[in-house]
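A structural walkthrough
Single-letter residue listing:
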Amino acid sequence: MCIAFPMQVISCNEVSARCSRPNREVEVDITMIEPPKPGDWLLVFQDRALRPITEEEARDIEAALGATALAMMGEAGEDDIRAGFSDLVDREPELPPHLRALVGKPLK
């Protein structure tokens, strides 16, 4: 499983940005995205920026990562799961658009 992490830009130049998240600060390759500014949030995988994200999305991802960590330790309760996966808890799973088209399901 691959996991990307939200990181906040501290400083940057043309090709890299110094980014942080709790207990970690790294140099991130930003050559594949529009140059960010200090304070911006990025989704980072293997020290490469995948895309910019909002601060709200960064909080949601951190909540999901926290709930996942608790679940892996066998310590997650219902409140933890609801807090970490509030966007998924009370809805039916959906096929992505490219698969819905293959089975004749209309897009909602």
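These numbers come from a predicted model, not from an experiment.

The rules behind the values
Residues numbered from 1 in each chain as written. Predicted model: local features only at pLDDT ≥ 70, side-chain atom pairs only at ≥ 80, totals over all residues. Heavy atoms only, no water. Helix = DSSP H or I, 4+ residues; strand = E, 2+ residues; numbered from the N terminus. Buried < 20%, exposed > 50% of the residue type's maximum accessible area, 1.4 Å probe, protein only. Pairing = 2+ DSSP bridges. Salt bridge = Lys/Arg side-chain N within 4 Å of Asp/Glu carboxyl O. Patch = residues over 30% accessible without salt bridge, like charges linked within 9 Å, V, L, I, M, F, W, Y side chains within 5 Å. Areas by Shrake-Rupley, 256 points an atom, 1.4 Å probe, with all protein chains shown as cover. Polar contact = N/O pair within 3.5 Å; in protein donor to acceptor, adjacent residues only side chain to side chain.

The next thing to look at is the side chain of Arg 21. With respect to the helices and strands, the residue Arg 21 is situated in strand β2 (residues 16-21). You can call Arg 21 buried: its relative accessible area is 18%.

Our next topic: the pairing of strand β5 (residues 48-53). Examined bridge by bridge, strand β4 (residues 41-45) and β5 share five bridges and lie antiparallel to one another. Each residue of the ladder has a partner; that of Val 44, found in β5, is Ala 49.

With that settled, consider the pattern of salt bridges. The tally for this structure, following the rule as stated, stands at eight salt bridges. In this structure, Arg 18 and Glu 25 form a salt bridge, with 3.2 Å as the shortest nitrogen-oxygen distance. The class of Glu 25 is partly exposed, set by a relative accessible area of 44%. Measuring nitrogen to oxygen at the nearest pair gives 3.4 Å for the salt bridge that ties Arg 24 to Asp 47. Taken together, the residues span a long stretch of sequence, with Arg 24 in strand β3 (residues 24-29) and Asp 47 in the loop between β4 and β5 at a distance of 23 residues. The partly exposed category is assigned to Asp 47, whose relative accessible area is 31%. The network of salt bridges with shared partners includes Arg 18, Glu 25 and Glu 27.

Turning our attention to a nonpolar patch on the surface. Taken together, the side chains of Leu 95, Leu 99, Leu 102 and Val 103 define a hydrophobic patch exposed on the protein surface, amounting to about 370 Å² of accessible area. A relative accessible area of 69% places Leu 102 in the exposed class.

A word on the environment of Thr 31. For Thr 31, the location among the structural elements is in the loop between β3 and β4. Of the residues examined, Thr 31 reaches a relative accessible area of 46% and is grouped as partly exposed. Put simply, Thr 31 and Cys 19 are 12 residues apart on the chain and 14 Å apart in space, counted from C-alpha to C-alpha. Of note is the side chain of Thr 31, whose polar atom sits 2.6 Å from the side chain of Asp 29.

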